[in-house]
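Inside the fold
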Amino acid sequence: MMTDRMHREQFLGRLADLDRKQVSKVLWTVYWRGPAAIRQRIEAELDAAERGVPSQPPQPPAVDPATVLAEIDQFVALARSGAYMGRDRRVSPRERTRWRFTFQRLAKDAQRALKDPDPSDAMAAVEHLIDLVQDMAGTDFFRSEDPVEA
């Protein structure tokens, strides 16, 4: 579900109406209640401001395409064998309900692996995930009524 967001100009215009204390309060609320990634970004900006250098967003660690391919192969094999439906013990009951998070993580890892100088393993991994998604239209691999949100 897409949320409505302000454009940059709208956001800066609304901030312009606030004094320094109010802006600090807004920033503190975002920092304190936001996810860890937001806190890290705010801390990086504050550190960069103290040092007087422009900050760079933290780069996610590089992934090994061969490792990603192996993980995706295992995930796809388990899904196709019915392990996520509860037919065997290779997949825990908790993992059966959290398969979407595993799928999303693997998809992101595969996309990052595509940036490797030799992306052949990453391309194969992405191909396996796409094939699984296409097959999900006609077969139940997971205990879920809705398809993968991809």
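Everything here concerns the structure above.
Here the residue index of a chain counts from 1 through its sequence in written order. Confidence filtering applies because this is a predicted model: local features only for residues at pLDDT of at least 70, side-chain atom pairs given and counted only at 80 or more, and all residues used for totals across whole chains, interfaces and linings. Derived side-chain values reflect all non-hydrogen atoms in the structure, with water molecules and hydrogen atoms excluded from consideration.

1. Here we look at the packing of aromatic side chains
For the record, the criterion: Stacked, tilted and edge-to-face pairs are distinguished by plane angle, under 30 degrees for stacked and over 60 for edge-to-face with tilted covering the rest, among Phe, Tyr and Trp rings (Trp via its six-membered ring) whose centres lie within 6.5 Å. In this description a helix means any DSSP run of H or I spanning at least four residues, a strand means any run of E spanning at least two, and both kinds are numbered starting from the N terminus. Three labels apply to residues, based on accessible area from a 1.4 Å probe with only protein chains included: buried if under 20% of the type maximum, exposed if over 50%, partly exposed otherwise in between.
All told, the structure shown has 7 aromatic pairs when counted by the stated rule. Between the aromatic rings of Trp28 and Tyr31, the centroid separation amounts to 5.6 Å while the plane-to-plane angle is 35 degrees, which identifies the pairing as tilted. Remark: Tyr31 and Trp28 occur in helix H2 (residues 20-33); sequence separation between them is 3 residues, near one turn of the helix. Judged by its relative accessible area of 48%, Trp28 falls in the partly exposed class. Between Phe75 and Tyr84, the aromatic rings sit 5.3 Å apart at their centres with planes inclined by 65 degrees, giving edge-to-face as the arrangement. Tyr84 matches Phe75 in its accessibility class, with the two residues each being buried. These aromatic residues form a ring-pair network of at least three members: Phe75, Tyr84, Trp99, Phe103 and Phe142.

2. What to know about the side chain of Arg96
How we decide: Think of a polar contact as two N or O atoms within 3.5 Å of one another; within protein, one of them needs to be a possible hydrogen donor and the other a possible acceptor, and neighboring residues in sequence only count if both atoms come from side chains. Between two residues, a contact is recorded if the distance between any of their heavy atoms is within 4.5 Å.
Along the chain, Arg96 turns up in helix H5 (residues 93-97). Of the polar contacts made by the side chain of Arg96, one reaches the backbone oxygen of Ala83; its length is 3.4 Å. Excluding its chain neighbours within four sequence positions, the residues that come into contact with Arg96 are Ala83, Tyr84, Met85, Gly86, Asp88 and Val91.

3. Topic: the packing of helix H4 (residues 65-81) against helix H6 (residues 99-113)
Worth spelling out the cut-off: Here an axis means a line fitted to C-alpha atoms, over the contact stretch when the element is a helix, while the angle between two N-to-C directions is reported on a 0 to 180 degree scale. Roughly parallel here means an angle under 35 degrees, roughly antiparallel means over 145, roughly perpendicular means 65 to 115, and every remaining angle is called oblique. Definitions for this section: a left-handed crossing has its near helix turned counterclockwise from the far helix by less than a right angle. A right-handed crossing has that turn clockwise. Following the grouping adopted for this structure description, the nonpolar residues are Ala, Val, Leu, Ile, Met, Phe, Trp, Tyr, Cys and Pro, the charged ones are Asp, Glu, Lys and Arg, and the polar ones are all others, Gly among them.
For the pair H4 and H6, the least separation of the axes is 10 Å and the interaxial angle reads 150 degrees. Between H4 and H6, the crossing angle belongs to the class labelled roughly antiparallel. Here H4 runs over H6; the crossing is left-handed. On the side of H4, the interface is formed by Pro65, Val68, Glu71, Ile72 and Phe75, while H6 contributes Trp99, Thr102, Phe103, Arg105, Leu106, Asp109, Ala110 and Ala113. Looking at the contact of H4 with H6 residue by residue, the classes come out as 9 nonpolar, 1 polar and 3 charged.

Nothing here speaks to function; it is all geometry.
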